Amino acid sequence: DYRKGVLAADTPARLIEAARAAGRRVVVDQKGGDQARFAGADLLLLETAELAEGTGLPVGTADEVAAAAQHLRDAHRFGAVMVLRGGAEALTLVD
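Report follows, based on the coordinates. (Residues numbered from 1 in each chain as written. Predicted model: local features only at pLDDT ≥ 70, side-chain atom pairs only at ≥ 80, totals over all residues. Heavy atoms only, no water.)

1. Notes on unusual backbone geometry
And step 1. Phi is positive for Ala 9, close to 50 degrees, though the residue is something other than glycine.
And step 2. Its location among the elements puts Ala 9 in the segment before α1 (11-21).
And step 3. Residue classification places Ala 9 among the exposed residues on the basis of a relative accessible area of 72%.
And step 4. Of note, the phi angle at Arg 77 is positive, near 55 degrees, even though the residue is not glycine. (Helix = DSSP H or I, 4+ residues; strand = E, 2+ residues; numbered from the N terminus. Buried < 20%, exposed > 50% of the residue type's maximum accessible area, 1.4 Å probe, protein only.)

2. Considerations on the environment of Glu 17
And step 1. Looking at the element boundaries, Glu 17 is found in helix α1.
And step 2. For Glu 17 and Phe 38, which are 21 residues apart along the polypeptide, the C-alpha to C-alpha distance reads 10 Å.

3. Description of helix α3 (residues 62-76)
The periodicity of an α-helix, 3.6 residues per turn, causes residues three or four positions apart to be oriented the same way.
And step 1. When the terminal C-alpha atoms of α3 are compared, their 21 Å separation across 15 residues agrees well with the 21 Å that a helix rising 1.5 Å per residue should span.
And step 2. Looking only at α3, the buried set comprises Val 65, Ala 68, Ala 69, Leu 72 and His 76. Projected down its long axis, α3 shows its buried positions confined to an angular sector of 100 degrees, all on one face.
And step 3. The inward-facing, buried residues of α3 abut β2 (43-47), α2 (48-55), β3 (80-84) and β4 (91-94).
And step 4. Within two residues after α3, Arg 77 carries a phi angle of roughly 55 degrees, on the positive side. (Expected span 1.5 Å × (residues − 1). Arc of directions from axis to C-beta. Contact = heavy atoms within 4.5 Å.)

4. Concerning the pattern of salt bridges
And step 1. Scanning the model with the defined rule gives two salt bridges in all.
And step 2. One salt bridge connects Arg 14 with Asp 10, and the closest N-O pair in it is separated by 3.7 Å.
And step 3. Note on Asp 10: relative accessible area 42%, which makes it partly exposed. (Salt bridge = Lys/Arg side-chain N within 4 Å of Asp/Glu carboxyl O.)

5. Some details on the side chain of Thr 55
And step 1. Position of Thr 55 among the secondary structure elements: in helix α2.
And step 2. Given a relative accessible area of 17%, Thr 55 falls into the buried group.
And step 3. Engagement of the side chain of Thr 55 in a polar contact is seen with the backbone oxygen of Leu 51, the distance being 2.8 Å.
And step 4. Dropping the residues within four chain positions of it, Thr 55 is found in contact with Ala 68, His 71 and Leu 72. (Polar contact = N/O pair within 3.5 Å; in protein donor to acceptor, adjacent residues only side chain to side chain.)

Here you go:
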């Protein structure tokens, strides 16, 4: 959606439900905003700043990123959360 308003109101929930009914997986790559709108997606892809914004938790270390990602996964029933980070350790996957 990238904050363009295409996936407004309950559209994300309806799309996720339709994808599940069709046996498809749902990957969400959003830019900021409310991750709860995409609850139940199989994979949420976001950057550390978006993770901090979405959880209110610290994301300064690898352990903090993993804890915040796990919190977000549990809170919104994501199958997995992948966090894009800078530097040599570019990704954190919590599944």
